[in-house]
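# Close look at the chain arrangement
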Amino acid sequence: MPAHRTILAADLRDMADTEDGGHLHLDHFPDHPYLAEGSVPVVVNSPHGGMPIH
């Protein structure tokens, strides 16, 4: 579904734009906007590092 891909793309773009590092967990939960039940969880790290710098 195009709307679901738009949400996923925005999530990934936001993580890529995060300047102080961080990561995004993509895990299914009931009523998830784009992941189907049985999806494999994934962690997306920022290109600036996996954890925010404080």
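Nothing here was measured: the structure is a model prediction, and the numbers come from that model. (Residues numbered from 1 in each chain as written. Predicted model: local features only at pLDDT ≥ 70, side-chain atom pairs only at ≥ 80, totals over all residues. Heavy atoms only, no water.)

Secondary structure assignment for the protein chain yields one helix and two strands. Reading the protein chain from its N terminus to its C terminus gives the helix and strand order α-β-β. Scored against the burial criterion, the 54 residues of the protein chain give a buried share of 17%. In the protein chain, the proportion of contacts linking residues at least 24 apart, taken out of those at least 6 apart, comes to 53%. Summed over all atoms, the accessible surface of the protein chain reaches about 4100 Å², with 60% contributed by carbon and sulfur. (Helix = DSSP H or I, 4+ residues; strand = E, 2+ residues; numbered from the N terminus. Buried < 20%, exposed > 50% of the residue type's maximum accessible area, 1.4 Å probe, protein only. Contact = heavy atoms within 4.5 Å. Areas by Shrake-Rupley, 256 points an atom, 1.4 Å probe, with all protein chains shown as cover.)

We now examine the environment of A3. Mapping A3 onto the fold places it in helix 1 (residues 2-17). Exposure remark for A3: the relative accessible area of 51% places this residue in the exposed category. Residues A3 and P33, spaced 30 residues apart in sequence, show a C-alpha to C-alpha distance of 9.2 Å.

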